[in-house]
Amino acid sequence: MARIRAGDREAEGSLVERFGKGIALLLDRHCRGGDAEDLFQDTFRLVIEKLRRGELRESEKLPAFLAQVARSLAIEHYRKAARRKTEPDSEALAFVPASAASPLTELLASENAALARQVVRELGTARDREILLRFYLAEDDKDTIAADHGLSSLQFNRVLHRARQRYKELYLARVAAGAGRGRAALGALVAMFLGLVPLSR
Amino acid sequence: MDHREIVEQGWIELYRRGQLAPEAEVRFEEHFLGCPQCQQDLDLARSFQRGLQAMAAQEVARAAVGAGLAAFFARRSRLLFGVAALVALVGLSAALYLSTARNRQLASLAGELKSELDERELARRKLAQELAEGRERSERERAELAERIATLETAAATGRAATGLARPQVLSSVYLMAVVRGEEDAPAAIVDLAQTAEPITLAVPIDLDPRIHRYRLTLTDPAGRVLVTLGDLLPNPLETLLLAVPGASLGPGDHLLALDGITPDGSALPLERYRVRVVGRRP
């Protein structure tokens, strides 16, 4: 914090590196759509400005400070949005092209869907599948689902835990495979750049 | 705030669904900002839900395409619908036929695999039985041999007691046939006639093999003439065969001592070949 107060850019980078993922998750919980990305930058800009001005001196309070700033920005953002809200013109909206996701985003979503499908397929019983889909898709209340199936809270948590663990394994395996593919692609690119492999055959 | 509490109370999911009390939510956010484990769990939970949502969206899209096609055909004339229905019927029949043919093929393949497995199992049992019999026979022969040795030792002791001899009657030079790995061309033993006692005993170590019923030793001179052949041999309790030859029968040069195994059906399996180099002369 002292280094940030002294204007050290490297220290500011370290702050973002250390708390960036947590803040992104926090904003993801409080925001919708692409708002989280904008507010992520605003959060760190504001926090760094305050640190430069010396508004916080106890380093142990930094996580709470960051969380507070991010929450406040999110609340303020939606308060302003609510004030600006008007009735949509449905005819005009019909001619507005839908914002298309990038090919990479689509690919990742598709891969993610395949992982989720595999998890659902591998679940032992139809009951487990129903529990999972009601909980994550229909967002039914946990107690209601558990009561419908005559499950205790512990048994219910076990079903979710098993599914999440399996998803975690598949997800990490995909990340590892992706890293391998990335390395191979980079190797091919370097080889091409050095003239070891012709650009086209 | 510790992880046990977070896991047991299911805080990750409660937080994501906005079901934590405001105060608890603030505490949890302050915790996970400095906790990589919670961040990973949150990230995975989020990713998992999005994966399920994407999966559901794909299913809905597929269903919508199916419904769209059905509506398209419904709007067309009866003739077109009839043609489409006919095409669908032909396609379905073909699919059914292919499916049946494929099933038949798979069933036949499964049958072949099963019979091959049965045959292998039969062969395995037969081999296991032969092995067990071989072991049993070997044990029996070992016991017989031990009994014979005991009998001979008793007789020898009795003889010694009767004649009053307290030392061996025969002084022999024993040469152990040993081949050093990587030096197979080197002689297994060098017999110096000037320094050996009579008779010269060649000791051949045996690696017991259940396939072998008896052993055979053959000694040939440097010119290839057979000096002695002993068949129907069994190793002693030290798993060694001993061949005693008079020194006078050996001339200078490399002799060959061949060890063969005899199987129960009488065929011979070459096991080892040793070179025995004879040097010097009898004084």
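Within each chain, residues carry numbers counting from 1 in the order of the written sequence. Each chain gets a letter, beginning with A, and each ligand a number, beginning with 1, in the order they are written. Only residues with pLDDT of 70 or above have their local features reported here, since the model is predicted, and side-chain atom pairs are shown and tallied only from 80 upward, although totals for entire chains, interfaces and linings are computed over all residues.

Student: What exactly am I supposed to notice about helix 4 (residues 62-84) of chain A here?
Tutor: At 3.6 residues per turn, the α-helix brings residues three or four places apart onto the same side. Counted at 1.5 Å a residue, the expected span for helix 4 of chain A with its 23 residues is 33 Å, and the 33 Å between its end C-alpha atoms agrees. Listing the buried residues of helix 4 of chain A in full gives Pro63, Leu66, Ala67, Ala70, Leu73 and Ala74 of chain A. As for helix 4 of chain A, its buried residues are in contact with helix 2 (9-30) and helix 3 (35-52) of chain A together with helix 3 (22-32) of chain B. Comment: elements are numbered from the N terminus, with helices defined as DSSP H or I runs of at least four residues and strands as E runs of at least two. A helix's residues, less one, multiplied by 1.5 Å, set its expected span. Any residue surrounded by 20 or more other C-beta atoms within 10 Å of its C-beta is treated as buried, while 12 or fewer makes it exposed and the intermediate range makes it partly exposed; C-beta atoms here are placed from the backbone. Contacts here follow a simple rule: the backbone-placed C-beta atoms of the two residues must lie within 7 Å.

Student: Sorry, what's going on with the sheet that holds strand 7 (residues 253-262) of chain B here?
Tutor: Strand pairing within a sheet occurs via backbone hydrogen bonds; the two strands may be parallel or antiparallel. All names here are of chain B. Judged by pairing direction, the sheet is mixed, and its 5 strands sit side by side in the order 2-8-7-4-5 without closing on themselves. Among the strands making up the open sheet, the edge pair consists of strand 2 (189-192) and strand 5 (226-233). Taken pair by pair, the neighbouring strands of this sheet meet at an average axis angle of 20 degrees, ignoring direction. A pair of strands counts as paired when DSSP detects no fewer than two bridges linking them. Where strand 4 (residues 214-220) meets strand 5, 5 bridges bridge the pair, whose relative direction is antiparallel. If you follow leucine 217 over to strand 5, its bridge partner there is leucine 230. Orientation is described by lines fitted to C-alpha atoms, with helices fitted over the stretch in contact, and by angles between N-to-C directions that extend from 0 to 180 degrees.

Student: Please clarify how the pairing of strand 8 (residues 268-279) of chain B should be interpreted in this entry.
Tutor: The two faces of a sheet get side chains in turn, since along a regular strand they alternate between them. Residue and element names in this part refer to chain B. Of the pairings in the sheet, the one linking strand 2 to strand 8 comprises 4 bridges and is parallel in character. Of the residues in strand 8, the one forming a bridge with valine 191 is valine 278. Where strand 7 and strand 8 come together, 10 bridges link them in antiparallel fashion. Paired with aspartate 254 across the two strands is arginine 277, which belongs to strand 8. The hairpin formed by strand 7 and strand 8 contains 5 residues between the paired strands, and glycine 266 there has a positive phi angle of roughly 90 degrees.

Purely geometric stuff here, so don't read any function into it on its own.
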